Amino acid sequence: MSSLALYRRYRPESFAEVIGQEHVTDPLQQALRNNRVNHAYLFSGPRGCGKTTSARILARCLNCEQGPTPTPCGECQSCRDLARNGPGSIDVIEIDAASHGGVDDARDLREKAFFGPASSRYKIYIIDEAHMVTSAGFNALLKVVEEPPEHLKFIFATTEPEKVIGTIRSRTHHYPFRLVPPGTLREYLGEVCGRENSHVEDGVLPLVVRAGAGSVRDSMSVMDQLLAGAGDDGVTYAMATSLLGYTDLSLLDSVVDAFAAGDGAAAFEVVDRVIEGGNDPRRFVADLLERLRDLVILAAVPDAAEKGLIDAPADVVERMQAQASVFGAAELSRAADLVNQGLTEMRGATSPRLQVELICARVLLPAAFDDERSLQTRLDRLERGASFAAAGAGPAMGYMPGPQAHAPVAVVPPGDGVAAARAAVRGDAPEAVPPAAPAQPAQPAQYAAPAAPVAPAPAAPAPQPTPEAPAGGQRPGAWPASAAPESGRRPGGWPTASAPGQAPAPVTPAAPAPAVPAPAPGAPQPSPGMTQGAAQVRNMWPDILEAVKNRRRFTWILLSQNAQVTGFDGATLQIGFLNAGARDNFASSGSEDVLKQALAEQFNMQWKIEAIVDPSGGTGQPPQTGGGRPSAPPAPQRPAAPAPQQYESRPAPAQHQQPGAAPAAASAPQPHAAPESPRPVAPEDDTPEADDPDLVDSALSGHDLIVRELGATVVEEFTNE
């Protein structure tokens, strides 16, 4: 085996052997065929791409006995002298301008240039690293380069053509060389390894091409180093990765899978393996960025490997295609941006491990950022069914509790119960968590378990249950599950304040409650599938409202103040409005189209919109009323139920009812009667406390409020006698 370097043993001897520079070699060969060779050439380009080699080939073509020809014969004396292992020709002079770039060297060249060639057709000067020639040296060469004798040719080779003075550059034919494409370079390296009879594993050549960065000489030097250290089994992938310092593919696969699954423990374990294994953290981040780049391209172009956009073995491409299918486009783009930003910040970092861990944390936590990319990432995870945790202890907008929220809970502190009782006595609407919507139209008898029905209580004037001891240990205002509601109170209704000296009614077994008609159709009940799908959309509802706000403020006001998400089945978004007027306004004002456009443009979702009237605000239950006062008359847009209103029965009639008369009373039809006269309320319960937070002395009412808020002017005032 020869000890000559690999790039020297396989240096091209003709233009046909030069790879990746067809834009230079083809015009030069045609110029040789046409015998239109210029007196001076300037070859420029990155290192190791064939500038000096092409200059030698051009000199060989010019001085061949059969030439000038694009294909040297290789048999004449000039061709043998200029071969890859030849002694060189006295008529082809190579000058290193880095050490011979002064004005004295230029004068010496100018004096010798006028002597004719010794044995060849032309005397050719190949000036390598021409950008190192000083300005005085170029000026000394200017006249001879401008008007050389016919036997004289100049070929300048440089990596920085802009440093060659313009007066010289304008007198030459400039040919810019380029870096060799990875596919072409990989095939060439494979041919070289075949000539060397060396076995190389599949994943090694892409690593060598990547290390060479498009330079043929650099790639050949790396390949020569690997072949020199190869054992009997040839060049293995493990040997190449350890020698070249690249990250093992298994580590990259592990960290990408951890990003896809949102597994922070696995991601930080990979970082620990990288550091403990002695790998360069910056190299690991660079390799991770390269992998994310491949995933982004595969997600956009599934056949990127066939088109040459990705340079990797077939098994690696197959793994990357599986990984790209797990991510969303926005998620991959965001991860690549964060890794690229982290790679820039690692320059000069005192703790590289900390930087790598911070990069992983940013990629894993899109919810911690409020930019558009992070929002799109969260939507990608939502679309592929991944569960993401929402920060914060309070329920999200439009929150609908599941069945587990209906289980009996501990009694709230006394202060909370008293505040709820006061609110019920005043007739204010309490702020309660809306209950979950049942799958079928609910009936009053279904709210209480048949095993523990409510027994009648002795007659008493204005009996009212106390909030301090709710039945079954339930929280005031919570929907009962296994425990029976209090006597005479609507299931799920707020407790009222007890009259002085009044004890709660005892609970004793009784006959099951009879069937009653369905509730009023004012609040449509969504299907179970719609209810389950609405939970995820409610988490996105604030972002959807913000997108609508940017498009049309009227639609945003209408949705934020009068609507809630009541159901979603994957294709249809059901929105419940508090009244029919708000629903009709939404449908007739074009707001539905605005909402669809916002969903399509901001979230890439094509959903159907179904607007319904839901007075319960998305809970699927009729509105609740207090127990201390009679409920207010129903609004015009909420039609009354045609059946007897036993669901709205008051505590007093229920307590006076006898056990034996319950079925008969239920079977007898009762026509709609006028609202009952208000029951007397104890003065101490109707008087507001001094520290009542709802008591506002400075509140305006009547025309003063209209004048201040709406800018109205009183034209005329009528007094109603």
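Our structure's up above, just so we're on the same page.
Starting afresh in each chain, residues are numbered from 1 along the sequence in its written order. Selection of residues for local features in this predicted model requires a pLDDT of at least 70, selection of side-chain atom pairs for listing and counting requires 80 or more, and totals for whole chains, interfaces and linings are taken over all residues. Remark: hydrogens and water are excluded; side-chain values derive from all non-hydrogen atoms of the structure.

A. Region of interest: the overall build of the protein chain. What counts as a helix is a DSSP run of H or I of at least four residues, what counts as a strand is a run of E of at least two, and both are numbered from the N terminus. Looking only at helices and strands, the protein chain features 27 helices and eight strands. Partly exposed residues are those whose accessible area sits between 20% and 50% of the maximum for their type, while under 20% is buried and over 50% is exposed, using a 1.4 Å probe and protein chains only. Residues classed as buried in the protein chain amount to 41% of the 721 residues present. We call two residues in contact when some of their heavy atoms are within 4.5 Å. Here the contacts in the protein chain between residues at least 6 apart in sequence split such that 75% fall between residues at least 24 apart. Areas reported here follow the Shrake-Rupley algorithm with a probe of radius 1.4 Å; residue values treat only the protein chains shown as occluding. When the accessible surface of the protein chain is summed, it comes to about 37300 Å², and 52% of that surface belongs to carbon and sulfur atoms.

B. Fine view of the packing of helix H8 (residues 182-195) against helix H10 (residues 216-228). Contact pair H8 / H10: the axes reach a minimum separation of 11 Å and the direction vectors enclose 40°. Relative to H10, the element H8 is oriented oblique. Note on packing geometry: the crossing formed by H8 with H10 is right-handed. Listed contacts from H10 to Leu185, Tyr188, Leu189, Val192 and Cys193 of H8 are Val216, Ser219, Met220 and Met223. Residues are grouped as follows: nonpolar covers Ala, Val, Leu, Ile, Met, Phe, Trp, Tyr, Cys and Pro; charged covers Asp, Glu, Lys and Arg; every other residue, Gly included, is treated as polar. Across the contact of H8 with H10, the residue classes tally to eight nonpolar, one polar and no charged. Note on method: axes are straight lines fitted to C-alpha atoms, helices fitted across the in-contact stretch only, with angles between N-to-C directions ranging 0 to 180 degrees. Each angle receives one of four descriptions, namely roughly parallel if under 35 degrees, roughly antiparallel if over 145, roughly perpendicular if within 65 to 115, and oblique otherwise. Two helices crossing with the near one rotated counterclockwise from the far one by less than a right angle form a left-handed crossing, whereas a clockwise rotation gives a right-handed crossing.

C. The pattern of salt bridges, seen in detail. Definition used for salt bridges: Asp or Glu carboxyl oxygen within 4 Å of a side-chain nitrogen of Lys or Arg. Taken as a whole and judged by the stated rule, the model has 20 salt bridges. The salt bridge involving Arg9 is made with Glu196; its shortest N-O contact spans 3.3 Å. One end of the pair, Arg9, is in helix H1 (residues 6-9); the other, Glu196, is in the loop between H8 and helix H9 (204-212), with 187 residues separating them in the sequence. As far as burial versus exposure is concerned, Arg9 and Glu196 are alike and both buried. Here Asp287 and Arg210 are joined by a salt bridge, their closest N and O atoms 2.5 Å apart. Here Asp287 is found in helix H14 (residues 281-300), whereas its partner Arg210 is found in helix H9, with 77 residues between them in sequence. For Arg210, a relative accessible area of 30% translates into the label partly exposed. Three or more residues are tied together by salt bridges with common partners; here these are Asp272, Glu276, Arg353 and Glu357.

D. Main features of the side chain of Arg9. Here Arg9 falls in the buried class, since its relative accessible area comes to 17%. Here a polar contact is recorded for every N or O atom pair within 3.5 Å, except that within protein the pair must consist of a potential hydrogen donor and a potential acceptor, and residues adjacent in sequence are included only if both atoms are side-chain atoms. One polar contact links the side chain of Arg9 to the main-chain carbonyl oxygen of Leu4, over a distance of 2.3 Å.

E. Structural detail: the sheet that holds strand S7 (residues 572-577). Strands pair, by our definition, only if DSSP identifies at least two bridges between them. The strand order S6-S7-S8 describes an open sheet built from three strands, whose pairing is mixed. Each of the sheet's edge strands pairs with one partner strand only, and the pair in question is strand S6 (563-568) and strand S8 (608-613). Shown here is a sheet whose adjacent strand axes are inclined to one another by a mean of 30°, direction ignored. By the bridge criterion, five bridges tie S6 to S7 in an arrangement that is antiparallel. Directly across from Ala563, in S7, lies its bridge partner Phe577. With respect to the sheet, helix H22 (residues 580-588) is in contact with S7 and S8, its orientation differing from that of S8 by roughly 155°.

F. Summary view of the environment of Arg56. Along the chain, the position of Arg56 falls in helix H3 (residues 51-63). Along the primary structure Arg56 and Ser14 are separated by 42 residues, whereas in three dimensions their C-alpha atoms are 9.2 Å apart. Setting aside residues up to four positions removed in sequence, Arg56 forms contacts with Arg11, Glu94 and Ile126. Within the structure, Arg56 has its side chain in polar contact with the side chain of Glu94 (distance 2.5 Å).

G. Up close: the pairing of strand S3 (residues 123-128). S3 sits mainly inside the fold: five of its six residues count as buried. Here strand S2 (residues 92-96) runs beside S3; their pairing, made up of five bridges, is parallel. Note on S3: the bridge partner recorded for Glu94 is Ile126. Clockwise travel from the first strand over the helix to the second, with the strands pointing away from the viewer, marks a crossover as right-handed. Remark: the S2/helix H5 (residues 103-113)/S3 crossover connection has right-handed handedness.

H. Expanded view of the packing of helix H16 (residues 329-345) against helix H17 (residues 352-364). With their axes 9 Å apart at the nearest point, H16 and H17 run at an angle of 160° to one another. Judged by the inter-axis angle, H16 sits roughly antiparallel to H17. Handedness of the crossing formed by H16 with H17: right-handed. For the pair formed by H16 and H17, the contact residues are Arg334, Ala335, Leu338, Val339, Gly342, Leu343 and Glu345 on the first element and Gln355, Ile359, Arg362 and Val363 on the second. Grouping the amino acids of the contact of H16 with H17 by side-chain chemistry returns six nonpolar, two polar and three charged.

I. Quick peek at the nonpolar core. Counting 38 residues, the largest nonpolar core has Phe259, Phe284, Val285, Leu288, Leu292 and Val339 as its most contacted members. For this core, the secondary structure elements donating two or more residues are helix H12 (249-261), helix H13 (264-276), H14, helix H15 (314-326), H16 and H17. Considering each element in turn, this core owes the most residues, eight residues, to H14. Discounting residues that sit within four places of it in the chain, Leu292 has contacts with Leu332, Ala335, Ala336 and Val339. Among buried residues, the Ala, Val, Leu, Ile, Met, Phe, Trp, Tyr and Cys ones that are joined through side-chain atoms within 4.5 Å form a nonpolar core.

J. Local environment of the sheet that holds strand S4 (residues 152-158). Taken together, five strands build an open sheet; the order of strands is S2-S3-S4-S1-S5 and the sheet is parallel. Each of the sheet's edge strands pairs with one partner strand only, and the pair in question is S2 and strand S5 (173-176). Each adjacent strand pair in this sheet contributes to an overall mean axis angle of 15°, direction not counted. By the bridge criterion, six bridges tie S3 to S4 in an arrangement that is parallel. By the bridge assignment, Asp128 is partnered in S4 with Ala157. Sitting on the sheet, helix H2 (residues 22-34) is in contact with strand S1 (40-44) and S5, with an inclination near 145° to S5. This element, helix H6 (residues 135-146), spans S1, S3 and S4 of the sheet and lies at about 140° to S4.

K. Region of interest: the environment of Phe554. Of note, Phe554 is situated in helix H21 (residues 553-562). Phe554 gets classed as partly exposed once you look at its relative accessible area, which sits at 36%. Considering only alpha carbons, one finds Phe554 and Ser591, 37 residues apart in sequence, at a separation of 8.1 Å. With residues near it in sequence (within four places) discarded, Phe554 still touches Asn585, Ser589 and Ser591.

The quantities given are spatial measurements derived from coordinates; they are silent on function.
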